[in-house]
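Understanding the architecture of this molecule
Residues per chain, in single letters:
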Amino acid sequence: AEAHDPVILDCSALDRMDFISAGALLNVLTTVRRTGKQIVFRHPNRLVAELFGVVGLNAVATIVFAKS
């Protein structure tokens, strides 16, 4: 993340994530966001995107869905 802005996380191969991991990811990305960098989750499936919303990741990152 240090060398990139925006920080792009490709979620196209991510099938699912547990709540604890999503919370840990939020903690790390909140620190990255405080440096002023933009964070983008690219192509998560709907289930993963809903989890991101529940834990609050959409407050620190932009979610871009795949065009279908």
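Residues numbered from 1 in each chain as written. Predicted model: local features only at pLDDT ≥ 70, side-chain atom pairs only at ≥ 80, totals over all residues. Heavy atoms only, no water.

**Some points on the side chain of K37**
By the secondary structure assignment, K37 is in the loop between α1 (19–34) and β2 (39–42). No salt bridge is formed by the buried K37; the nearest opposite charge belongs to D5, separated by 5.8 Å. Separated by 3.2 Å, the side chain of K37 and the backbone oxygen of H4 make a polar contact. (Helix = DSSP H or I, 4+ residues; strand = E, 2+ residues; numbered from the N terminus. Buried < 20%, exposed > 50% of the residue type's maximum accessible area, 1.4 Å probe, protein only. Lys, Arg positive; Asp, Glu negative; His and termini not counted. Salt bridge = Lys/Arg side-chain N within 4 Å of Asp/Glu carboxyl O. Polar contact = N/O pair within 3.5 Å; in protein donor to acceptor, adjacent residues only side chain to side chain.)

**Let's talk about the packing of aromatic side chains**
Summed over the entire model, instances satisfying the criterion amount to 1 aromatic pair. Judged by centre distance (4.4 Å) and plane angle (35°), the rings of F41 and F52 are tilted. Taken as a pair, F41 in strand β2 and F52 in helix α2 (residues 46–55) lie far apart in primary sequence, 11 residues in all. The same class applies to F41 and to F52, which are both buried. One Lys or Arg, R46, reaches over the ring of F65 and ends 3.9 Å from the middle of that ring. (Phe/Tyr/Trp six-rings, centres within 6.5 Å; stacked < 30°, edge-to-face > 60°. Lys NZ or Arg CZ within 6 Å of the ring centre and 35° of its normal.)

**Digging into the nonpolar core**
L29, I39, F41, F52, L57 and V60 are the most contacted members of the largest nonpolar core, which totals 15 residues. Those elements giving two or more residues to this core turn out to be α1, β2 and α2. Ignoring sequence-local partners within four residues, the contact set of F52 consists of C11, L14, M17, F41, P44, L57, N58 and I63. (Core = buried A, V, L, I, M, F, W, Y, C linked by side-chain atoms within 4.5 Å. Contact = heavy atoms within 4.5 Å.)

**Remarks on the pairing of β2**
Of the strand pairs in this sheet, strand β1 (residues 7–10) and β2 are connected by 4 bridges, and their pairing is parallel. In the sheet register, L9 faces β2, and the bridge partner there is F41. Relative to strand β3 (residues 62–64), β2 is paired through 3 bridges, and the arrangement is parallel. What sits directly across from V40, in β3, is T62. (Pairing = 2+ DSSP bridges.)

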